[in-house]
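Structure assessment
One-letter residues, chain by chain:
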Amino acid sequence: KAHGSIVGISSVAGLHGLPARTGYSASKYAMTGFLETLRIENLKKGLHVMVACPGFTASNVRFSALTADGTSQGETPRNEDKMMTAEQVARIVMRGIKRRKRLCLMEYEGRLTHFIKKFSPALLDRLFYLVMSREPDSPLK
């Protein structure tokens, strides 16, 4: 009845390059492009396609993440207590589906990133560099 929805869980890194996460950003950009193309191809069919971009989310994915030398990352360099949970992400995705949103930015930083990119992408480059260079073991130091 609603013509269905397709949702891809992406990242702000799929909207603006994330330094020191080249492969991650490239895969998220590819997925965003795929979903946008899918939306256009199905425009006349009423298919809803949403790109969902949660912020940093507490999950076990860090145990399969690799560092630059190929070793397991193990612990995250970020405070997981301040991260979204998978359950919070799921609730926001469901609300986005109900509202038939095209892009679902889930936290303040993501919405601010999207806004700054429209008006000052060079500033956003510098801000992303600054944030990522402060991570422990960052290759940008």
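I will try to describe carefully the structure that is included in this document. (Residues numbered from 1 in each chain as written. Predicted model: local features only at pLDDT ≥ 70, side-chain atom pairs only at ≥ 80, totals over all residues. Heavy atoms only, no water.)

1. Examining the overall build of the protein chain
In terms of helices and strands, the protein chain carries 4 helices and 3 strands. Sequence-ordered secondary structure for the protein chain, helices as α and strands as β, is β-α-β-α-β-α-α. Counting across all 141 residues of the protein chain, residues that qualify as buried make up 33%. The contacts in the protein chain between residues at least 6 apart in sequence include a share of 61% that link residues at least 24 apart. Roughly 9,300 Å² of accessible area belongs to the protein chain as shown, and the carbon and sulfur atoms make up 60% of that amount. (Helix = DSSP H or I, 4+ residues; strand = E, 2+ residues; numbered from the N terminus. Buried < 20%, exposed > 50% of the residue type's maximum accessible area, 1.4 Å probe, protein only. Contact = heavy atoms within 4.5 Å. Areas by Shrake-Rupley, 256 points an atom, 1.4 Å probe, with all protein chains shown as cover.)

2. Observations regarding the packing of helix α3 (residues 108-119) against helix α4 (residues 121-133)
Taken N-terminus to C-terminus, the directions of α3 and α4 make an angle of 135 degrees; their axes are 6 Å apart at the nearest point. Classed by the angle they form, the pair α3 and α4 counts as oblique. Two secondary-structure elements touch here, α3 through T113, I116, K117 and F119 and α4 through P121, L123, L124, L127 and F128. (Axes fitted to C-alpha atoms, helices over the stretch in contact; angles between N-to-C directions. Parallel < 35°, antiparallel > 145°, perpendicular 65-115°, else oblique.)

3. Quick look at a nonpolar patch on the surface
Side chains of Y108, L112, F115 and F119 sit close together on the surface and give an oily, nonpolar patch of about 480 Å² of accessible area. Mapped onto the fold, Y108 is located in helix α3. Given the relative accessible area of 55%, Y108 is considered exposed. (Patch = residues over 30% accessible without salt bridge, like charges linked within 9 Å, V, L, I, M, F, W, Y side chains within 5 Å. Salt bridge = Lys/Arg side-chain N within 4 Å of Asp/Glu carboxyl O.)

4. With respect to the sheet that holds strand β2 (residues 48-53)
If you trace the 3 strands from one edge of the open sheet to the other, you get β1-β2-β3, paired in parallel fashion. At either margin of the open sheet sits one strand with a lone partner, and together these are β1 (5-9) and β3 (103-105). On average, each strand axis in the sheet is tilted by 20 degrees relative to the strand beside it, whichever way the strands run. Set on the sheet, helix α1 (residues 22-41) makes contact with β1 and β2; between it and β2 the angle comes to about 160 degrees. Along the sheet, helix α2 (residues 86-98) makes contact with β1, β2 and β3, crossing β2 at roughly 150 degrees. (Pairing = 2+ DSSP bridges.)

5. What to know about the pattern of salt bridges
Summed over all chains, the structure comprises 1 salt bridge. Here E135 ties to R21 by a salt bridge, and the two come within 2.7 Å at their closest N and O atoms. One end of the pair, E135, is in the segment after α4; the other, R21, is in the loop between β1 and α1, and 114 residues separate them in sequence. Residue class for E135 comes out buried when judged on its relative accessible area of 8%. Residue classification places R21 among the partly exposed positions, given a relative accessible area of 27%.

6. Section: the side chain of H48
Locating H48 in the fold gives a position in strand β2. Not counting residues up to four positions away in its chain, the partners in contact with H48 are G4, S5, I6, G96, I97, R100 and K101.

7. Some thoughts on the environment of M84
Along the chain, M84 falls in the loop between β2 and α2. Take M84: its relative accessible area is 9%, and that puts it in the buried class.

8. Points about the nonpolar core
Among the nonpolar cores identified, the biggest contains 14 residues, and V12, L18, C53, L105 and F128 are the most heavily contacted of them. Listing elements by their share of this core, those giving two or more residues are β2 and α4. Once residues within four sequence positions are removed from consideration, V12 is found in contact with C53, L105, G110, T113 and F128. Listed in part, the 8 residues of the second largest apolar core include A52, V89, C104 and M106. (Core = buried A, V, L, I, M, F, W, Y, C linked by side-chain atoms within 4.5 Å.)

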